[in-house]
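Results of the structural survey
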Amino acid sequence: MSSRSDTKFLLGESDMPPAWYNILADLPEPMSPPLHPGTGQPAGPDDLAPLFPMELILQEVSTDRYIDIPQEVQEVYKLWRPTPLYRAHRLEKLLDTPAKIFYKYEGTSPAGSHKPNTAVAQAYYNKMAGINRLTTETGAGQWGSALAMSAAFFDLEVKVFMVRVSYEQKPYRRALMEAWGATCIPSPSNETEAGRRILQQEPDSRGSLGIAISEAVEEAVTRDDTHYALGSVLNHVMLHQTVIGQEAQKQFELADTYPDVIFGCVGGGSNFGGLVLPLVKDRIAGKDLRIVAVEPTACPTLTRGSFVYDFGDTAQTTPLMKMHTLGHTFMPAGIHAGGLRYHGMSPIVSHLYEHNLIDAIALPQTAIFEGAIQFARSEGIVPAPESAHAVRAAIDEALRCKEAGEEKTILFGLSGHGNFDMAAYQEYFAGNLIDHEHPQDDIDRALAQLPAMGD
Ligand SMILES: Cc1ncc(COP(=O)(O)O)c(C=O)c1O
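Calculation notes
Residues numbered from 1 in each chain as written. Predicted model: local features only at pLDDT ≥ 70, side-chain atom pairs only at ≥ 80, totals over all residues. Helix = DSSP H or I, 4+ residues; strand = E, 2+ residues; numbered from the N terminus. Rg over C-alpha atoms; globule rule 2.2 N^0.38 Å. Buried ≥ 20, exposed ≤ 12 C-beta atoms within 10 Å, placed from the backbone. Pairing = 2+ DSSP bridges. Expected span 1.5 Å × (residues − 1). Near = placed C-beta within 6 Å. Nonpolar A, V, L, I, M, F, W, Y, C, P; charged D, E, K, R; others polar. Domains from an automatic or database assignment. Contact = placed C-beta atoms within 7 Å. Axes fitted to C-alpha atoms, helices over the stretch in contact; angles between N-to-C directions. Arc of directions from axis to C-beta.

Examining the overall build of the protein
- The secondary structure content of the protein amounts to 19 helices and 15 strands.
- Taken against the 2.2 N^0.38 rule, which gives 23 Å for 455 residues, the C-alpha radius of gyration of the protein at 20 Å falls within 12% of a compact globule.
- Its C-alpha atoms put the protein at 55 × 50 × 45 Å along the principal axes.
- Per-residue burial over the protein gives 56% buried out of 455 residues.

Notes on the sheet that holds strand 4 (residues 85-87)
- Taken together, the seven strands give an open sheet; going across it, the order is 1-4-5-15-10-11-14, and neighbouring strands pair in mixed fashion. Bordering the open sheet on either side are strand 1 (8-9) and strand 14 (359-363), each of which pairs with just one other strand.
- Of the strand pairs in this sheet, strand 1 and strand 4 are connected by two bridges, and their pairing is antiparallel. Across the sheet, Phe 9 pairs through a bridge with Leu 85, a residue of strand 4.

Notes on helix 5 (residues 116-128)
- Given a rise of 1.5 Å per residue, 13 residues ought to cover 18 Å, and the 18 Å separating the end C-alpha atoms of helix 5 matches this to within 8%.
- Of all the positions in helix 5, only Pro 116, Asn 117, Thr 118, Ala 119, Val 120, Ala 121, Gln 122, Ala 123, Tyr 124, Tyr 125 and Asn 126 are classed as buried.

As for the site of the ligand
- Surrounding the ligand, one finds 21 residues, the nearest of these being Gln 142, Ser 232, Gly 267, Gly 339 and Gly 416.
- Secondary-structure elements contributing two or more residues to the shell around the ligand are helix 6 (142-153) and helix 13 (270-284).
- Sorting elements by how many residues they give to the shell around the ligand places helix 13 first, with three residues.
- Residues that form the shell around the ligand fall into these classes: seven nonpolar, 13 polar and one charged.
- Residues from two domains meet in the shell around the ligand; each of domain 1 (8-15 + 71-112 + 236-447) and domain 2 (49-68 + 115-234) gives at least three.

Section: the domain arrangement of the protein
- You can read the domains of the protein as domain 1 (8-15 + 71-112 + 236-447) and domain 2 (49-68 + 115-234).
- Each of domain 1 and domain 2 has a C-alpha centre, and these two points are 22 Å apart.
- Taken residue by residue, the interface counts 45 residues in domain 1 and 41 residues in domain 2.
- Put simply, the parts of the chain that give the side of domain 1 that touches domain 2 at least two residues each are helix 3 (71-77), helix 11 (235-241), helix 12 (243-254), helix 13 and helix 18 (422-429).

Some words on the environment of Val 391
- As for its placement among the helices and strands, Val 391 is situated in helix 17 (residues 388-404).
- You can call Val 391 buried: it has 30 C-beta atoms within 10 Å.
- As for Val 391 and Phe 420, which are separated by 29 residues in sequence, their C-alpha atoms are 18 Å apart.
- In this structure Val 391 touches Gly 371, Ala 372, Phe 375, Pro 383, Phe 412 and Leu 414, once residues within four positions along its chain are discounted.

Re unusual backbone geometry
- Here the bond from Arg 81 into Pro 82 is cis, since omega is -10 degrees, no more than 30 degrees from zero.
- Note that Pro 82 resides in the loop between helix 3 and strand 4.
- The omega torsion of the bond from Ser 187 to Pro 188 falls at 5 degrees, within 30 degrees of zero and hence cis.
- In this fold, Pro 188 is placed in the loop between strand 8 (183-187) and helix 9 (193-201).
- A positive phi angle, near 70 degrees, is found at Val 233, a position not held by glycine.
- One can find Val 233 in the loop between strand 9 (226-228) and helix 11.
- In this structure Val 233 comes out as buried when scored by C-beta crowding, with 26 C-beta atoms within 10 Å.

Description of the packing of helix 9 against helix 10 (residues 209-221)
- At a closest axis distance of 7 Å, the pairing of helix 9 and helix 10 adopts a crossing angle of 145 degrees. The residues of helix 10 that touch helix 9, namely those facing Glu 193, Ala 194, Gly 195 and Ile 198, are Ile 211, Ser 214, Glu 215 and Glu 218.
- Among the residues forming the contact of helix 9 with helix 10, the class breakdown is three nonpolar, two polar and three charged.

Here we look at helix 8 (residues 171-179)
- Those residues of helix 8 that fall on the buried side of the exposure criterion are Arg 173, Arg 174, Leu 176 and Met 177. Taken end-on, helix 8 shows its buried residues confined to a sector of 155 degrees, consistent with a single buried face. Within helix 8, the exposed residues directed more than 90 degrees away from the buried face are Pro 171 and Ala 175.
- Next to the buried residues of helix 8 lie helix 6, strand 7 (157-163), helix 7 (164-169) and strand 8.
- Of the residues flanking the end of helix 8, it is Gly 181, one or two places downstream, whose phi is positive at about 100 degrees.

The structure is reproduced here in structure tokens:
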């Protein structure tokens, strides 16, 4: 029997969810459809077919509440799932807070984060559709690693366009991708039209996720043998990540409690969505629960962006999505949380934010690293800089509880470990990190370049 004072809440393999949870079945209002950029009409399956296998396209638009997880995917998940839910007793003690802090840790996957939850599914559905080669982008390197590993399991070739600033900061992420058999090149590159155009304008470009997506999409649409895989943002990615929140619900039953407030970091929104969507269902059903997305001040998509139709990439090749965006030309500062440097946001997460079902806050990077170090020295795990946004927000909430004498139950998503991010920690220790807050002009300039039909 578990009790609330345990440190780990563990499930067995037989407790793994047999299906992904689809929030589209329970939204109070339907979402706006993606649009074809040429016609302005809703994009149909045929528009997406050069990029994705039909099973994933159908999942993108499905309103079925549950979608079965194929047996082959479940077998791979069993290598590290279910993941642990921890009670952060030692952090609580350090902060001297009456709050109870729990975290769901996704860094136990071989690639080190939540990203394999969708990478395995995407590799599987592509293989079933007869595709043998995938392209993708990666920011932090976590997604590229996850897809490289998953592709190795299903015998697919993978080419990863890695945002140049991350490629330089994290050489061992590249080696990890190569260990799993993938090819990894820095983006912008000379291998695509989109990359060459950017390099012509700005030879020293640090790159961005928006640019890397353009390169990976271009290669997929120009080669018949190749599909594209996206590590966040899209509905089917959010869907695959819901194994996180479904497990957490069971683990909270074991702990005989339920969170009052949940924090997750957001880049494109997938670890946050994966953790919170099954609980948003409870929130829609009337449960008193605060759910907070945490983003960097250097890329404040939810807190300072607009909710409009925009491209998912810099070269304007993707369908238009109604989402929170800073504009597809926005160039976020080169912070160490590379996975959070994305101009847009998952349309599902954006929709929930518009309907006040979730909140959002933005935090600067020195405070993030300070919180990460407190966490590492009390709980042991060195968080990925992305995940450290959720850590910091949970610490701040626990300190507020201390002031107010409140015994809240806090849950946060620890989406990955930072064992490949030690260069960032070295920079922090050397006092070299700068807090970036973009002037309103930067954002206004990028928003002025939104596609004409955006409203
Ligand atoms: C560890 C980790 N957490 C979070 C993210 C942000 O992505 P998302 O918002 O899709 O979870 C990334 C992206 O690379 C990541 O590597």
